[in-house]
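Structure assessment
So you can see what is in the structure, the chains are spelled out below.
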Amino acid sequence: MSKVHTKEQVPSRRTGDLYIKQLYECALLFFADRFGIENLSKAVMQQLYTWSYSLRLVMEAVYPQTVNKYVRGEHERVNYGLGMFSEISEMKNGGELKLIPLVQPRIENQNKEKYRDVYDLLCEWNRW
């Protein structure tokens, strides 16, 4: 499998960055546990990366409570109503993941510049 993202596109400078990275890794593990590692395709990795890192782009600071709210689909700034782990657990097959629409995050702070590599990658993948 080819590389999905570079080290710069998985920031880990700040505590909030680590929370987002852990969220992404947990989503990948949950998906692989549910559907098998062989179904962890590049498209799945891109979808889960987009979902995870959209939260980083809209938040100046990320705390454990922020991530918990987002996972439950209760974060008002991005993908409200989308409990990704619940969605994955209810899927019949892994291909259903691509049917979940992700909203383009509205970035109202300096994160577009601070996380330029992440932002550019999401724009490229999602044609934003």
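That block above? That's the structure.
Residues numbered from 1 in each chain as written. Predicted model: local features only at pLDDT ≥ 70, side-chain atom pairs only at ≥ 80, totals over all residues. Heavy atoms only, no water.

1. Overview of helix 6 (residues 116-126)
Let me state the cut-off plainly: Exposure categories follow from relative accessible area, calculated using a 1.4 Å probe and restricted to protein chains: below 20% of the type maximum is buried, above 50% is exposed, and the middle band is partly exposed. Secondary structure follows DSSP: runs of H or I at least 4 residues long count as helices, runs of E at least 2 residues long count as strands, and numbering of each begins at the N terminus. By definition in these notes, contact holds between two residues if any of their heavy atoms fall within 4.5 Å.
Among the residues of helix 6, those classed as buried are Val118, Tyr119, Leu121, Leu122, Cys123 and Trp125. On its buried face, helix 6 sits against helix 2 (42-58) and helix 5 (111-114). In the stretch just after helix 6, Arg127 is the one whose phi turns positive, near 55°.

2. Focus: the packing of helix 2 against helix 6
Note the cut-off: Convention adopted: a line fitted to C-alpha atoms gives each axis, helices being fitted over their contacting stretch, and angles between N-to-C directions are expressed from 0 to 180 degrees. To sort the angles, those under 35 degrees are grouped as roughly parallel, those over 145 as roughly antiparallel, those from 65 to 115 as roughly perpendicular, and the leftovers as oblique. Helix crossings get a hand from a simple test, with the near helix turned counterclockwise from the far one by less than a right angle marking a left-handed crossing and a clockwise turn marking a right-handed one. Think of it as three bins: nonpolar holds Ala, Val, Leu, Ile, Met, Phe, Trp, Tyr, Cys and Pro, charged holds Asp, Glu, Lys and Arg, and polar takes everything else, Gly as well.
The interhelical angle for the contact between helix 2 and helix 6, taken along N-to-C directions, is 135°, at an axis separation of 10 Å. For the element pair helix 2 / helix 6, the angle class is oblique. Here the hand of the crossing between helix 2 and helix 6 comes out left-handed. Across the interface between the two elements, Gln46, Tyr49, Thr50, Tyr53, Ser54 and Leu57 of helix 2 pack against Val118, Tyr119, Leu121, Leu122, Trp125 and Asn126 of helix 6. Across the contact of helix 2 with helix 6, the residue classes tally to 8 nonpolar, 4 polar and no charged.

3. Here's the deal with the packing of aromatic side chains
For any pair of aromatic rings, the description consists of the separation of the ring centres together with the inter-plane angle of the planes. Where we set the bar: Put simply, two rings from Phe, Tyr or Trp (the six-membered ring, in Trp's case) pair if the centres are within 6.5 Å, and we call them stacked under 30 degrees between planes, edge-to-face over 60, tilted for the rest.
For the structure shown, the criterion picks out 8 aromatic pairs. Taken together, a centroid distance of 4.9 Å and an interplanar angle of 15° make the contact between Trp51 and Tyr70 stacked. You can see Trp51 sitting in helix 2 and its partner Tyr70 sitting in helix 3 (residues 64-71), a full 19 residues away along the chain.

4. Observations concerning the nonpolar core
Selection criterion: In these notes, a set of buried Ala, Val, Leu, Ile, Met, Phe, Trp, Tyr and Cys residues joined through side-chain atoms within 4.5 Å is what counts as a nonpolar core.
Within the largest apolar cluster, 41 residues are counted, with the highest numbers of intra-cluster contacts made by Leu48, Tyr49, Trp51, Met84 and Leu97. Elements that contribute at least two residues to this core include exactly helix 1 (15-35), helix 2, helix 3, helix 4 (84-90) and helix 6. Of all the elements, helix 2 adds the most residues to this core, at 9 residues. Ignoring sequence-local partners within four residues, the contact set of Leu48 consists of Tyr24, Ala27, Leu28, Phe31, Met84, Ile88 and Leu97.

5. Here we look at the side chain of Asp17
Test applied: Definition of a polar contact: a pair of N or O atoms within 3.5 Å, with one able to donate and the other able to accept a hydrogen when the atoms are protein atoms, and with sequence-neighbouring residues admitted only if both atoms are side-chain atoms.
With respect to the helices and strands, Asp17 occurs in helix 1. Polar side-chain contacts of Asp17 include one of 2.6 Å to the side chain of Tyr115. Setting aside chain neighbours within four positions, we find Asp17 in contact with Pro11, Ser12, Arg56 and Tyr115.

6. What to know about the pattern of salt bridges
Worth spelling out the cut-off: When a carboxyl oxygen of Asp or Glu lies within 4 Å of a side-chain nitrogen of Lys or Arg, that pair is called a salt bridge.
With the rule as written, the count across this model stands at 7 salt bridges. Its salt-bridge partner being Asp17, residue Arg56 comes within 2.9 Å of it at the nearest N-O pair. Of this pair, Arg56 sits in helix 2 while Asp17 sits in helix 1, and the two are 39 residues apart along the sequence. The class of Arg56 is buried, set by a relative accessible area of 1%. Overall, Asp17 belongs to the buried group, its relative accessible area being 0%. The partner of Arg116 in a salt bridge is Asp120, with the nearest N and O atoms 3.1 Å apart. Note that Arg116 and Asp120 are positioned in helix 6 at a spacing of 4 residues, about one turn of the helix. When its relative accessible area of 37% is taken as the criterion, Asp120 is described as partly exposed. In the salt-bridge network here, residues are joined through shared partners; they are Glu113, Arg116 and Asp120.

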